[in-house]
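# Geometric and topological summary
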Amino acid sequence: MEYNHKEIEARWQQFWRDNDVYRAEIDNSRPKFYVLDMFPYPSGAGLHVGHPLGYIASDIYSRYKRQQGFNVLHPMGYDAYGLPAEQYAIQTGQHPEITTRQNIARYREQLDKIGFSYDWNREIKTCDPEYYKWTQWAFQKMFDSYYCNASQQARPVAELVAHFEKHGSEGLNVACSKELTFTADEWNALTEKEQRQRLMNYRIAYQGETMVNWCPKLGTVLANDEVSEGVSVRGGYPVEQKLMNQWCLRVSAYAQRLLDGLDKVDWTDSLKETQKNWIGRSEGAEMRFKVADSDIELEIFTTRADTVFGVTFMVLAPESKYVDMVTTDDRRAAVAEYLDAVKHKTERERQIDKRVSGVFTGAYAVNPLTGKNIPIWVSDYVLAGYGTGAIMAVPAHDSRDYAFARHFELPIIPLIEGADVSEESFDAKEGKMMNSCGPELDLNGLEVKDAIAKTKQFIAEKGIGKVKVNYRLRDAIFSRQRYWGEPFPVYYKDGEPYMLDASKLPLELPEVSSYLPTESGEPPLGRAQNWATEEGYPLELCTMPGFAGSSAYYLRYMDPRNNEALVGKEANEYWRNVDLYIGGTEHATGHLIYSRFWNKFLFDMGQTVEDEPFRKLINQGMIQGRSNFVYRIKDTNTFVSLGLKKDYDVTPIHVDVNIVSGDVLDLEAFKQWRPEFATAEFVLEDGKYICGYAVEKMSKSMFNVVNPDDIVEKYGADTLRLYEMFLGPLEQSKPWDTNGIDGVNRFLKKLWGLFEKVDLDNRVAASKEELKAVHKLIKKVTQDIENFSFNTSISAFMICINELTSLKSTNAEALETVTRVIAPFAPHIAEEFWHRLGNQGSVVDAEWPKHNEDYLKEDNVNYAVSFNGKARFNIQVPAGTAKEEVEKIALADPNAERWLDGKTPKKIIVVPNKIVNIVI
RNA sequence: GCAGGAAUGGUGGAAUGGUAGACACGAAGGACUUAAAAUCCUUUGGCCUUUAUCGGCUGUGCGGGUUCGAGUCCCGCUUCCUGUACCA
């Protein structure tokens, strides 16, 4: 019988569904293992062949762990809120929910065909009210919490209020937007509204006037990780800075814990490094510079406290509140003009335009160590969002300050011995200090490191400043002026936000007449009828961002139908956290920061038992497209084959990769592809039209999308699974090339053929050679799976089957072992074999075999004999021969004479079972 | 600029410091076939030698080093990818 993948795969997929074999339940008698894929956003384009790469890897691992006796949780769901569905809704008027539901159905259909072992009973969708109830709930918890720096955890706001009532801000060590100082009496005298406004300064979910990334084209604000190089990640539209009142999450309060937690997880160094950079911890000092003839003090942050003697001017960010305070009357016009010019630049323009610009405020500050007056400037090279929005400029040892000083002809004082600052600044933190002696502090002769420490100590003692740790990590902006997202469980009374009562959750997303902002510029929810509480208070018009729903979904899978909690205690204590998380590296600074933050917050609340959500994380590489080109001779409809195109003036045109095979174009299909090519003529080489190729992103517009459905239809799911793994190392990006798929398909046919010959009625003992081949396979595949080196295990299968084929093996035991080992990779064919061999149940529960070293032992051992490291010939000796004996045999070999050339060996090295190296 | 990663045949890629190129694709030749597809067999890094065997030299981006022995370890470069960027 032929290998009929269609019949086999359909039959066993049905069997799995009918018997619910992938259902996971809490079972205290078995250890748990939680394998998770980053759930997909169901886009309208469906899955292409790149998407399942990570899913296949995680599926193999899940099945392997299950066969090893673990109770495996392997769920799947959908990150259903997102911009594309909403953009589509704006264009067509179709409700995004309908689009999303259709897309999800299509995804599910595609996923099912590949034979994944997901427990679909646990499926979740972020747009499902039963799910987003818990997103809203967590938001409310964050609103009702503040972050205590002393105990390094979130605490109820009620405790903070109690503190204010007794002590005011005295003795407070909490995360906040602004340092405020007030007494208990002052606090108690505030109205309720004023108290609530002040509490916003401390809440973990808070509303604040912040500089946001505003994308006019999308009509919404974006988080930092949603913006790249000044344009939106989705859509690539320009982004500008705008001051807006927005909901924010105080992620920055968790910066240190997010950093420390990285030591506890098993992630790649590069991913940890990316997160470390994103968190951007820097140790330095905060210092105050007095403004001359004024009570104003400028606060600055520096990592180079040692360079204060070289400060020759100060610079304020254009948005700094100090600008208005210090500017002298005669400079007001000039400063205003500069601020105006800066304001009209978008973030992108500000990044691209690296020309030095700035304006003098007319004011001077006093250098606290030299007592000298230094000018205060304004320039957009200083960022409002980092540190204090003001800097002390040390042109000799900072390249940006240097460029500024050169441009405006400000003095440059070198502070490090031997540093030549005539052409460029000396930025390195090394060398001996000079020119650094004042009335109270002398740093001359010290190493930079020591000078920094001494200065920090000095300024702290003198009360000029303090040691300070700064983080680059910003609070997450949590409002989106959009329709298709979770509504905030918030209403407004007297202009102040209040949380809806927990019994009112979930607050469901209302219907709207149009998905565009209102005429008055309000978000689309402004169009909703009766968007107010029962008492008539208006509800929040913004919705939550994409990352809201994906921040705790892994917890919900543990207990997806629980109506009382995000996750029940029993389920959480059993499943704990994700043991293996597989997904793309593009989430390094978004989802993977937010969900760690979210999890840590829930941990503080006592809602989850693990501090880190993802124990081990693997980033699968991206599968790129391999585009094909045809070359049209200019102004004709004639196409010339790749090898001959140099003789013509040609335009390359993308051609659908599905009508190209092995870079050879199917001419008839090409003519039918598009009407304008119906009359195409060709210049062929060797009777064929050879296309050019390029590796590009897989996308419709490049005509290089390969659909997994087509592969499954033609070759079967098992072939697709094997081939995706065979393509190369999991974590490496690589182009998709369907050409090699015949190899793994041939392998499966061979395996099938081998099985067809098994005599199931007359079982005989496996031969020594068979046992050796099979146990070699077990050993290799087990090692490979543990190392996520799936490509090499596919090779191991091919080698084993080739060996068994040449042995004419038809031994049932040998093939049963092969079946167990191949089951995670090719579950359909394995299930078929499993049942033919007379087993009950499903092969997913077949015990994973252990290899026996005894079968792998050789009677004779091969040694390569080398001279001075260069291998020359081989010898065979009985296993277990002593080293001395091996040396003798090597030297006595007739071949040895030739290479010894009459000399006596100086030294002989014998590496067991490998090599005899003779040094002459 | 900074951080991380990579570089091996025509291609994808294998190699706990121990005979580089496993496995697969492609290609070439052959068998079967009226023919094609499918399948099977042989060859396949480069160069040289040979009728053929046998054999030799060379070879893992470049230049050094450590070692009996380096694709692998160390130092210095080049190129490419990924992330990030006036972060003081």
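Just so it is clear, the structure is predicted and the values come from calculations on it, not from any experiment.

## Quick notes on the protein's contact with RNA strand B
- Taken together, 50 residues form the shell around RNA strand B, and within it T303, R400, N862, K914 and N917 come nearest.
- Close to the protein, within 4 Å, the atoms of RNA strand B belong to sugar or phosphate groups at a rate of 61%.
- A distance of 3.1 Å is found between a base nitrogen of RNA strand B and a backbone nitrogen or oxygen belonging to L383.
- At 2.3 Å, a side-chain N or O of N917 approaches a base oxygen of RNA strand B.
- Considering every element that reaches the surface near RNA strand B, the biggest residue donor is helix 25 (residues 790–806), with six residues.
- Class assignment for the residues of the surface near RNA strand B results in 18 nonpolar, 19 polar and 13 charged.

## A closer look at the nonpolar core
- The biggest cluster of nonpolar side chains holds 183 residues, and the ones touching the most others in it are W247, L249, F478, Y553 and F825.
- Among residues more than four places away in sequence, those in contact with L249 are M142, I204, A205, Y206, D475, A476, F478, F547, F597 and W598.
- Ranked by size, the runner-up nonpolar core spans 41 residues in total, among them M287, V326, A365 and V378.

## Some remarks on the sheet that holds strand 33 (residues 915–919)
- Spatial ordering of the open sheet is given by 31-30-33-32, a layout of four strands whose pairing is mixed. Edge positions in the sheet fall to strand 31 (870–878) and strand 32 (907–911), since each has one partner strand and no second. Within this sheet the neighbouring strands show an average axis-to-axis angle of 20 degrees, counted without direction.
- Bridge analysis of strand 32 against strand 33 gives five bridges, and the strand direction is antiparallel. Bridge assignment links V911 to a residue of strand 33, and that residue is I915.
- Here helix 29 (residues 883–892) sits on the sheet and contacts strand 30 (860–867), strand 31, strand 32 and strand 33; the angle it forms with strand 31, its principal contact strand, is near 120 degrees.

## Focus on the pattern of salt bridges
- Scanning all chains against the criterion turns up 52 salt bridges.
- We note a salt bridge from D324 to R332, for which the minimum N-O separation is 3.2 Å.
- In this structure, R596 engages E612 in a salt bridge whose closest nitrogen and oxygen atoms are separated by 2.8 Å. A residue pair is termed long-range when its members are at least 10 positions apart, and R596 in helix 19 (residues 591–604) and E612 in the loop between helix 19 and strand 21 (614–619) qualify at 16 residues.
- A relative accessible area of 0% means that R596 is categorised as buried.
- In this structure, a network of salt bridges that share partners links the residues R257, K264, R596, K600, D604, D611 and E612.

## A closer look at a negative patch on the surface
- Where like charges cluster on the molecular surface, the negative patch consists of D420, E423, E424 and D427.
- Here D427 shows up in the loop between helix 14 (399–408) and helix 15 (448–462).

## Some points on the packing of aromatic side chains
- This structure, assessed with the given rule, holds 63 aromatic pairs.
- A ring pair is formed by F33 and F70, whose centres lie 5.7 Å apart and whose planes are at 70 degrees; its orientation type is edge-to-face. Note that F33 is positioned in strand 1 (residues 32–37) and F70 in the loop between helix 2 (52–67) and strand 2 (71–73), a separation of 37 residues in sequence.
- A residue is classified by how much of its surface remains accessible, and F33, at 7% relative accessible area, is buried.
- Ring centres of F639 and F670 lie 5.1 Å apart, and the angle between their planes is 80 degrees; this geometry places the pair in the edge-to-face category. With F639 in strand 23 (residues 638–640) and F670 in helix 20 (residues 667–673), the pair connects residues that are 31 residues apart, well separated along the chain.
- In textbook terms, an aromatic cluster arises when at least three aromatic residues are bridged by ring pairs, as seen for F33, Y61, Y64, F70, F788, F790, F797, F825 and W848.
- Over the face of the ring belonging to W120 we find R108, whose NZ or CZ atom lies 3.9 Å from the ring centre.
- Geometry around F182 places R198 over its ring, the cationic atom sitting 4.6 Å from the centre.

## Considering the packing of helix 26 (residues 812–822) against helix 27 (residues 827–836)
- Packing of helix 26 against helix 27 leaves a shortest axis separation of 9 Å and a crossing angle of 145 degrees. The crossing of helix 26 and helix 27 is left-handed. Taken together, the residues of helix 27 that come into contact with helix 26 (itself represented by E816, T819, R820 and I822) are A830, F833 and W834.
- Tallied by class, residues from the contact of helix 26 with helix 27 come to four nonpolar, one polar and two charged.

## Let's talk about the pairing of strand 3 (residues 145–148)
- Burial along strand 3 is two-sided: the residues S145 and Y147 and Y146 and C148 are all buried.
- Linking two consecutive strands that pair antiparallel, namely strand 3 and strand 4 (residues 153–156), is a turn of four residues; a positive phi of about 50 degrees is found at Q152 within it.

## Observations regarding the sheet that holds strand 17 (residues 476–477)
- The strand order across the open sheet built from four strands is 6-5-9-17, with neighbouring strands paired in antiparallel fashion. The open sheet terminates on both sides in strands that have one partner only, identified here as strand 6 (220–222) and strand 17.
- When strand 5 (residues 205–215) meets strand 9 (residues 240–249), the two strands line up antiparallel, connected through ten bridges. In the strand pairing of strand 9, W214 is matched with E240.

## Regarding unusual backbone geometry
- Looking along the chain, the bond that leaves L505 and enters P506 is cis, with omega of -5 degrees.
- Within the element layout of this structure, P506 appears in the loop between strand 19 (496–499) and helix 16 (546–550).
- In this structure, F703 takes a positive phi of about 55 degrees despite not being glycine.
- You can see F703 is positioned in the loop between strand 28 (692–696) and helix 21 (708–715).

## Looking at helix 19
- With 14 residues, helix 19 extends 20 Å from end C-alpha to end C-alpha; this agrees with the ideal 20 Å at 1.5 Å per step.
- With 13 of 14 residues buried, helix 19 lies mostly within the body of the structure.
- Just downstream of helix 19 lies G606, where phi reads positive at about 80 degrees.

## So, the packing of helix 23 (residues 741–756) against helix 26
- Their axes nearest at 11 Å, the elements helix 23 and helix 26 cross at an angle of 145 degrees. Helix 26 is crossed by helix 23, and the crossing has left-handed handedness. Taken together, the residues of helix 26 that come into contact with helix 23 (itself represented by F747, L751, L754 and F755) are L815, V818, T819 and I822.
- Its residues placed into classes, the contact of helix 23 with helix 26 shows seven nonpolar, one polar and no charged.

## Overview of the confidence of the model for chain A
- Across chain A, pLDDT averages 91, with 99% of residues at or above 70.
- Here helix 13 (residues 347–352) is the element of chain A with the lowest mean pLDDT, 66, and strand 2 is the one with the highest, 98.

## Quick look at the environment of T388
- Following the sequence through the fold, T388 ends up in the loop between strand 14 (373–378) and strand 15 (390–393).
- Sequence separation between T388 and G235 is 153 residues; the distance between their C-alpha atoms is 33 Å.
- Of note is the side chain of T388, whose polar atom sits 2.6 Å from the backbone oxygen of E299.

## Describing the pairing of strand 19
- Neither face of strand 19 is open: one carries E496 and Y498, the other P497 and M499, and all of them are buried.
- Direction of pairing for strand 18 (residues 490–493) relative to strand 19: antiparallel, over a ladder of four bridges. Bridge assignment links K493 to a residue of strand 19, and that residue is E496.
- Between strand 18 and strand 19, which pair antiparallel in sequence order, lie two residues; one of them, D494, sits at a positive phi of approximately 55 degrees.

## Side note on the environment of V683
- Among the secondary structure elements, V683 is positioned in strand 27 (residues 681–683).
- Take V683: its relative accessible area is 21%, and that puts it in the partly exposed class.
- C-alpha separation for the pair V683 and N245, spaced 438 residues apart in sequence, amounts to 64 Å.
- Those residues in contact with V683, other than ones at most four positions away along the chain, are T638, F639, V640, S641, L644, Y648 and Y689.

What counts and what doesn't
Residues numbered from 1 in each chain as written. Chains lettered and ligands numbered in written order. Predicted model: local features only at pLDDT ≥ 70, side-chain atom pairs only at ≥ 80, totals over all residues. Heavy atoms only, no water. Near = heavy atom within 4 Å. Polar contact = N/O pair within 3.5 Å; in protein donor to acceptor, adjacent residues only side chain to side chain. Helix = DSSP H or I, 4+ residues; strand = E, 2+ residues; numbered from the N terminus. Nonpolar A, V, L, I, M, F, W, Y, C, P; charged D, E, K, R; others polar. Core = buried A, V, L, I, M, F, W, Y, C linked by side-chain atoms within 4.5 Å. Buried < 20%, exposed > 50% of the residue type's maximum accessible area, 1.4 Å probe, protein only. Contact = heavy atoms within 4.5 Å. Pairing = 2+ DSSP bridges. Axes fitted to C-alpha atoms, helices over the stretch in contact; angles between N-to-C directions. Salt bridge = Lys/Arg side-chain N within 4 Å of Asp/Glu carboxyl O. Patch = residues over 30% accessible without salt bridge, like charges linked within 9 Å, V, L, I, M, F, W, Y side chains within 5 Å. Areas by Shrake-Rupley, 256 points an atom, 1.4 Å probe, with all protein chains shown as cover. Lys, Arg positive; Asp, Glu negative; His and termini not counted. Charge placed at Lys NZ, Arg CZ, Asp CG, Glu CD. Phe/Tyr/Trp six-rings, centres within 6.5 Å; stacked < 30°, edge-to-face > 60°. Lys NZ or Arg CZ within 6 Å of the ring centre and 35° of its normal. Left-handed = near helix turned anticlockwise from the far one by under 90°. Expected span 1.5 Å × (residues − 1). pLDDT = per-residue confidence, 0-100.

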